[in-house]
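Below are the chains, spelled out letter by letter.
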Amino acid sequence: MFFSAVLAALCCFSSCVEKPSSDELKVISYNIRVINSKDGANEWKYRAEASPAMIKDYAPDIFGLQEAMPGHLEYLTETLPDYSYVGVGREDGKMEGENMAIFYNKKTIEDIAVAGKKVLVRCDFNVPLKDGVITSDKRIVEALPTIKYLRDQGAMVILCSHMGKPHNVFDAKLKLDKKEIAKIEKLPAEEQEAATAAALEKAKGDVKKFSLQVVADKLNELLGGGVVFANDTVGEDAKAKVAAMKPGDIVLLQNTRFTAGESKNDPEFSKALASFAEIFVNDAFGTAHRAHASTAGVVQHAGLPAVCGYLIQKEISVMGKALSDPARPFVAILGGAKIEDKLNVINNLIEKVDTLIIGGGMAFTFLKAKGYEIGNSLLDESKIDYCKDMMAKAEA
């Protein structure tokens, strides 16, 4: 999932370059940092300026990603509309040969004034749990630099995230998911009503099972306290706790997926969430490819000015270099359950890497394509031929 998320985030490059500001040039520099032609252009010894059109022409050739995961391109353009180009160039202004590499970074939290403002930060707190205990706090720790910076700058920091795939327990009408409905429909007609009632009752337990209270507790541990938890996402408790905030305060909202409007990118839910803040910061790199209310809707439907946090900035810069000018041997590890989500990513990576390691649930479909028995393991039969084609391409 990690590598596909990296590629999804990098794919925004080819979309965003189609909409540059027409009245300014972008600075190409050896230094990996966000600057523009009006701020600090003369700081660097080696620099070259390129017109937006020039960057647009070069970008597809450099990354070769415009075909990879195309459904995510518009989303990232709209959620983080302010941007700069950063990369390497020659002193004479040419970009070619070993020097031809452009890295892309969005406008970041350091490019805006946040003191005294309420800032909505989309994090990725989808941490693994066992018996209600976090087994790895890596994603929480990775969010800390952005949170600390905003807090120390005097912002009022409103954190939001999803966790797992819960039912819409905050909505007026609780609904079962497609798999649950399909399972019930296979039962005899006289058993379906009781089975539905039992499934709905079980679903109500998601309020506790997928609560972000455990994340709030961990944040308080890591930050030395000061994190207030709201028991709902856009309800009365969240409204009251956000309204009471002072500069330097932090509030964590309840699981965004407790409302169906999150995954559907519902305009009303997006506006309700956005109403808490004056600025939106997307630092949820692991979910940057999803056009949900808390990642896209707050900008698309509510117009919040948006920038990225340190995590997204770091991942795009580091992985951009890895993809455009990798050290050899270049090995990529790709995991996840669904091959369908990664068709273009796999095809693209095979052309770039020396070795591609397939892990996670989708590895079983590749094993099946090689003739191995996989028992009851996860299998996508419709993609067996695709797996054979990709393995043949890799061996060619």
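Residues numbered from 1 in each chain as written. Predicted model: local features only at pLDDT ≥ 70, side-chain atom pairs only at ≥ 80, totals over all residues. Heavy atoms only, no water.

Re the overall build of the protein chain
- For the protein chain, the count of helices and strands is 16 helices and 14 strands.
- Residue burial in the protein chain is summarised as follows: out of 396 residues, 48% are buried.
- Accessible surface, the protein chain as shown: approximately 18,900 Å² in total, 51% of it carbon and sulfur. (Helix = DSSP H or I, 4+ residues; strand = E, 2+ residues; numbered from the N terminus. Buried < 20%, exposed > 50% of the residue type's maximum accessible area, 1.4 Å probe, protein only. Areas by Shrake-Rupley, 256 points an atom, 1.4 Å probe, with all protein chains shown as cover.)

Side note on a nonpolar patch on the surface
- Among the surface-exposed residues, Val 331, Ile 333 and Ile 357 lie close enough to one another that they form a single nonpolar patch of about 260 Å² accessible area.
- Inspection of the secondary structure puts Val 331 in strand 13 (residues 331-334).
- Residue classification places Val 331 among the partly exposed positions, given a relative accessible area of 41%. (Patch = residues over 30% accessible without salt bridge, like charges linked within 9 Å, V, L, I, M, F, W, Y side chains within 5 Å. Salt bridge = Lys/Arg side-chain N within 4 Å of Asp/Glu carboxyl O.)

Section: the nonpolar core
- Judged by nonpolar contacts, the single largest core of 34 residues is most densely connected at Phe 125, Leu 150, Leu 159, Val 215, Leu 219 and Leu 252.
- Only strand 5 (118-122), helix 5 (138-152), strand 8 (156-160), helix 9 (213-223), strand 9 (227-229), strand 10 (250-252) and strand 11 (279-282) provide two or more residues apiece to this core.
- Each residue touching Leu 159, except ones within four places of it in the same chain, is listed here: Val 121, Cys 123, Phe 125, Ile 147, Leu 219, Ile 250, Val 251, Leu 252 and Leu 253.
- Formed by 19 residues, the second largest nonpolar core is a distinct cluster that contains Met 156, Val 242, Met 245 and Val 251. (Core = buried A, V, L, I, M, F, W, Y, C linked by side-chain atoms within 4.5 Å. Contact = heavy atoms within 4.5 Å.)

A word on the environment of Gly 335
- On the secondary structure map, Gly 335 appears in the loop between strand 13 and helix 14 (343-350).
- Using a relative accessible area of 15% as the deciding quantity, one classes Gly 335 as buried.

Some details on the packing of helix 14 against helix 16 (residues 384-395)
- Remark: helix 14 packs on helix 16, axes separated minimally by 10 Å, with the N-to-C direction vectors making an angle of 15 degrees. When the axes of helix 14 and helix 16 are compared, the pair comes out roughly parallel. The crossing of helix 14 and helix 16 is left-handed. Here Leu 343, Ile 346, Asn 347 and Ile 350 of helix 14 lie close against helix 16, whose contacting residues are Tyr 386, Met 390, Lys 393 and Ala 394. (Axes fitted to C-alpha atoms, helices over the stretch in contact; angles between N-to-C directions. Parallel < 35°, antiparallel > 145°, perpendicular 65-115°, else oblique. Left-handed = near helix turned anticlockwise from the far one by under 90°.)

Description of the pattern of salt bridges
- One pass over the full model with this rule turns up eleven salt bridges.
- Among the ionic pairs, Arg 151 bridges to Asp 152, the shortest N-O distance being 3.1 Å.

Let's talk about the sheet that holds strand 10
- A sheet is described by the order of its strands in space; here six strands give the open sequence 9-10-8-5-11-12, paired in parallel fashion. Since the sheet does not close on itself, it has two edges, and those belong to strand 9 and strand 12 (306-308), each with one partner. Each strand axis lies, on average, 25 degrees off the axis of its neighbour in the sheet, ignoring direction.
- As judged from the three bridges shared by strand 9 and strand 10, these two strands associate in the parallel manner. (Pairing = 2+ DSSP bridges.)

Comments concerning the environment of Glu 381
- Position of Glu 381 among the secondary structure elements: in the loop between helix 15 (363-369) and helix 16.
- Taking the C-alpha atoms as reference points, Glu 381 and Thr 365, separated by 16 residues in sequence, lie 7.2 Å from one another.

Let's talk about unusual backbone geometry
- The omega angle of the peptide bond from Arg 328 to Pro 329 is 0 degrees, so this bond is cis rather than trans.
- Tracing the backbone through its elements, the reader meets Pro 329 in the loop between helix 13 (310-324) and strand 13.
- One non-glycine residue, Asp 131, lies in positive phi territory at about 55 degrees.
- Among the secondary structure elements, Asp 131 is positioned in the loop between strand 6 (129-130) and strand 7 (133-134).
- With a phi close to 55 degrees, Asn 265 is a non-glycine residue in the positive phi region.
- Structurally, Asn 265 can be placed in the loop between strand 10 and helix 11 (267-274).

What about a positive patch on the surface?
- Together, Lys 165, Lys 179, Arg 290 and Lys 338 line one region of the surface with positive charge.
- Inspection of the secondary structure assignment puts Lys 165 in the loop between strand 8 and helix 6 (178-185).
- We classify Lys 165 as exposed; its relative accessible area is 70%. (Lys, Arg positive; Asp, Glu negative; His and termini not counted. Charge placed at Lys NZ, Arg CZ, Asp CG, Glu CD.)

Description of the packing of helix 5 against helix 9
- Two numbers describe how helix 5 lies on helix 9: the axes approach to 11 Å, and their chain directions differ by 65 degrees. For the crossing formed where helix 5 meets helix 9, the hand is right-handed. Residues Ile 140, Val 141, Leu 144, Ile 147, Lys 148 and Arg 151 of helix 5 pack against Val 215, Lys 218, Leu 219, Leu 222 and Leu 223 of helix 9.
- When the residues that make up the contact of helix 5 with helix 9 are grouped by side-chain class, the tally is eight nonpolar, no polar and three charged. (Nonpolar A, V, L, I, M, F, W, Y, C, P; charged D, E, K, R; others polar.)

What to know about the pairing of strand 11
- The side-chain alternation of strand 11 yields two buried faces, one formed by Ile 279 and Val 281 and the other by Phe 280 and Asn 282.
- In this sheet, strand 11 lies alongside strand 5 in parallel orientation, the contact comprising four bridges. Looking across to strand 11, one finds that Arg 122 is bridged to Asn 282.
- Alignment of strand 11 against strand 12, held across three bridges, turns out to be parallel. When the bridges of strand 12 are listed, Asn 282 appears paired with Cys 308.
- For the crossover from strand 11 across helix 12 (residues 293-300) to strand 12, the handedness is right-handed. (Right-handed = clockwise from strand over helix to strand, strands pointing away.)

Considering the packing of aromatic side chains
- Tallied over the entire structure, the rule returns two aromatic pairs.
- For the pair Tyr 149 and Tyr 310, a centre-to-centre distance of 5.7 Å together with 80 degrees between the ring planes defines the contact as edge-to-face. Separated by 161 residues along the polypeptide, Tyr 149 in helix 5 and Tyr 310 in helix 13 bring together distant segments of the chain.
- For the pair Phe 170 and Phe 258, a centre-to-centre distance of 5.1 Å together with 80 degrees between the ring planes defines the contact as edge-to-face. Taken together, the residues span a long stretch of sequence, with Phe 170 in the loop between strand 8 and helix 6 and Phe 258 in the loop between strand 10 and helix 11 at a distance of 88 residues.
- Note on Phe 170: relative accessible area 32%, which makes it partly exposed. (Phe/Tyr/Trp six-rings, centres within 6.5 Å; stacked < 30°, edge-to-face > 60°.)

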